[in-house]
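These are the residues of each chain, in order.
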Amino acid sequence: MSTPLDMNALKARQQAAWASGDYAVIGTTLQLVGERLAEACDLRWDEKVLDVAAGNGNATLAAARRGCQVTSTDYVPELLKRGEERARAEHLNVVFQVADVEALPFADDSFDAVVSTFGVMFAPDQAQSARELGRVCRPGGRIGLANWTPQGFVGQMFKTLGRHVPPPAGAQPPSRWGDEEQLQQLFNDSVGSINISHQHFNFRYRSAAHFIDVFKTWYGPVHKAFASLDGEAAAALERDLAQLLNDSNVGGASSLVVPSEYLEVVITRR
């Protein structure tokens, strides 16, 4: 008989991974996604917006720039500090609060919009996370998400990591949030309507080696994967990532440009 998955242990492991390195080094390059999502959600001045699993605040800043009253949350305090620094630099008024998406400390129907860019998809309990997003969003409000797809570059990168450092047995892959059918199932109870579009974000680096160096230094999951491997095992992971990057490169021999597919999702709450 298999041992039940320990959700608390998995969450602690994930928190440690995201707190390692410095995600903001990667996260700031993804700001365009937050801007696109803010427009897709048609965010309005004075609307109350919650950013969950906000990281260093890309969707947070995009909403605040549009005059929204924003609360930015994450369960990793170090990431929120980066978002707070960015908001202060732009003189944006944002409330930053440590919170777990699986147990949001807000009343029902508190927000006009709830958003997350490449954040909530990594929560261990996916069904509970979806319920919480629906619970704190008012009826007729919007839930806006940007989620990497399983077939896109980031989805394939996580599959590569998983071959070298297997995830705990029973853990649900984050890429479920990038699958249209499974996304519909996750939000079945709260969907009034759902609009999904396929988008691409281009990662731009000098080369595959440059990308790997940046990610294994700063991007928590890749940083942790390399830290857990020694010698030939780490070299094998590096070779496989380099192969994936070079196969995905559309930038030619002198640079690295890797398109990565994601779903841009706008759910109108029932």
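Naming follows an unreviewed UniProt entry, where the chain appears as Class I SAM-dependent methyltransferase of Pseudomonas auratipiscis.

(A) Structural detail: the overall build of the chain. Assigned secondary structure in the chain consists of 11 helices and seven strands. Relative to a compact globule of 270 residues, whose C-alpha radius of gyration would be 18 Å, the chain shows 18 Å and is just as compact. Taken along its principal axes, the extent of the C-alpha atoms in the chain is 55 × 50 × 30 Å. For the chain, buried positions account for 53% of its 270 residues. The long-range fraction of contacts in the chain, counting pairs at least 24 apart against all pairs at least 6 apart in sequence, stands at 77%. Accessible area for the chain stands at about 12000 Å²; split by element, carbon and sulfur atoms hold 50% of it. Positive and negative side-chain charges of the chain, numbering 25 and 32 respectively, have mean locations separated by a distance of 2 Å.

(B) Up close: the UniProt feature "domain: Methyltransferase type" (unreviewed entry) in the chain. In this numbering, the UniProt entry assigns the feature "domain: Methyltransferase type" (unreviewed entry) to residues 50-143. Structurally, residues 50-143 is divided into 34% helix and 29% strand, and its ends, taken at the C-alpha atoms, are 9 Å apart.

(C) View of the packing of helix H7 (residues 153-164) against helix H10 (residues 220-227). Two numbers describe how H7 lies on H10: the axes approach to 11 Å, and their chain directions differ by 20°. It follows that H7 is roughly parallel to H10 by the angle criterion. Crossing of H7 over H10 shows left-handed handedness. From H7, Met-157, Phe-158 and Leu-161 reach across to H10, where they touch Pro-221, Val-222 and Ala-225. Taken together, the residues that form the contact of H7 with H10 break down as six nonpolar, no polar and no charged.

(D) Structural context of the side chain of Asp-51. By the element assignment, Asp-51 lies in strand S1 (residues 48-51). Buried within the structure, Asp-51 lacks any salt-bridge partner; Arg-86 is the closest side chain of opposite charge, at an N-O distance of 8.5 Å. For Asp-51, the residues in contact, after removing those within four places along its chain, are Ala-59, Thr-60, Thr-71, Ser-72, Thr-73, Val-115 and Ser-116.

(E) Structural detail: the side chain of Thr-117. Within the element layout of this structure, Thr-117 appears in strand S4 (residues 111-117). When residues no more than four places from it in sequence are discounted, the contact partners of Thr-117 are Val-33, Gly-34, Leu-37, Asn-58, Ala-59 and Ala-146.

(F) The packing of helix H9 (residues 208-218) against H10, seen in detail. Put simply, H9 and H10 touch, their axes get as near as 5 Å, and they point 90° apart. As far as their axial angle goes, H10 and H9 are roughly perpendicular. Contacts between H9 and H10 involve Ile-212, Phe-215, Lys-216, Thr-217 and Trp-218 from the first element and Gly-220, Val-222, His-223 and Phe-226 from the second.

(G) The sheet that holds strand S2 (residues 69-74), seen in detail. A sheet is described by the order of its strands in space; here seven strands give the open sequence S3-S2-S1-S4-S5-S7-S6, paired in mixed fashion. Each of the sheet's edge strands pairs with one partner strand only, and the pair in question is strand S3 (94-98) and strand S6 (191-205). Taking the axes of each pair of neighbouring strands and ignoring which way they run, one obtains an average angle of 20° across the sheet. Pairing analysis gives six bridges linking S4 to strand S5 (residues 137-148), with the strands arranged parallel. Within S5, the position partnered with Val-115 by the bridge is Gly-144. Sheet strands touched by helix H3 (residues 31-40): S4, S5, S6 and strand S7 (256-269). Its angle to S7, the strand with the most contacts, is close to 25°. In this fold H7 packs onto S5, S6 and S7, with an angle of close to 105° to the strand it touches most, S7.

(H) Structural detail: the pairing of S5. Within S5, nine of the 12 residues are buried, which leaves the element mostly enclosed by the surrounding structure. With seven bridges connecting them, S5 and S7 associate as antiparallel partners. Note on S7: the bridge partner recorded for Asn-147 is Leu-263.

Conventions and cut-offs
- Residue positions are given per chain, counting from 1 as you read along its sequence in written order.
- Confidence filtering applies because this is a predicted model: local features only for residues at pLDDT of at least 70, side-chain atom pairs given and counted only at 80 or more, and all residues used for totals across whole chains, interfaces and linings.
- Derived side-chain values reflect all non-hydrogen atoms in the structure, with water molecules and hydrogen atoms excluded from consideration.
- In this text, helices come from DSSP runs of H or I with a minimum length of four residues, and strands from runs of E with a minimum of two, each type numbered from the N-terminal end.
- To get the radius of gyration, use the C-alpha atoms; to get the globule rule, take the number of residues to the power 0.38 and multiply by 2.2 Å.
- Buried residues are those whose accessible area, probed at 1.4 Å on protein chains only, stays under 20% of the maximum for their type, while exposed residues exceed 50% and partly exposed ones sit between those limits.
- Contact between two residues is taken to exist if any of their heavy atoms lie within 4.5 Å; hydrogens are not considered.
- Surface accessibility in these figures is a Shrake-Rupley result with a 1.4 Å probe; residues are shielded only by whichever protein chains are displayed.
- Counting rule for charge: Lys and Arg are taken as positive, Asp and Glu as negative, and neither His nor the chain ends is counted.
- Taken as the charge location is NZ of Lys, CZ of Arg, CG of Asp or CD of Glu.
- UniProt positions are given in the numbering used here, feature names are shortened, and annotations may be inferred rather than shown by experiment.
- Axes here refer to lines fitted to C-alpha atoms; in helices the fit is confined to the stretch in contact. Angles between the N-to-C directions go from 0 to 180 degrees.
- For classification, angles of less than 35 degrees are called roughly parallel, those exceeding 145 degrees roughly antiparallel, those between 65 and 115 degrees roughly perpendicular, and all remaining angles oblique.
- In this scheme the handedness of a crossing depends on how the near helix is turned from the far one: anticlockwise by less than a right angle means left-handed, clockwise means right-handed.
- Here the nonpolar group is Ala, Val, Leu, Ile, Met, Phe, Trp, Tyr, Cys and Pro; Asp, Glu, Lys and Arg are the charged ones; every other residue, Gly included, is treated as polar.
- Basic side-chain nitrogens of Lys or Arg form a salt bridge, by our definition, when they fall within 4 Å of a carboxyl oxygen of Asp or Glu.
- Whether two strands pair depends on DSSP finding at least two bridges between them.

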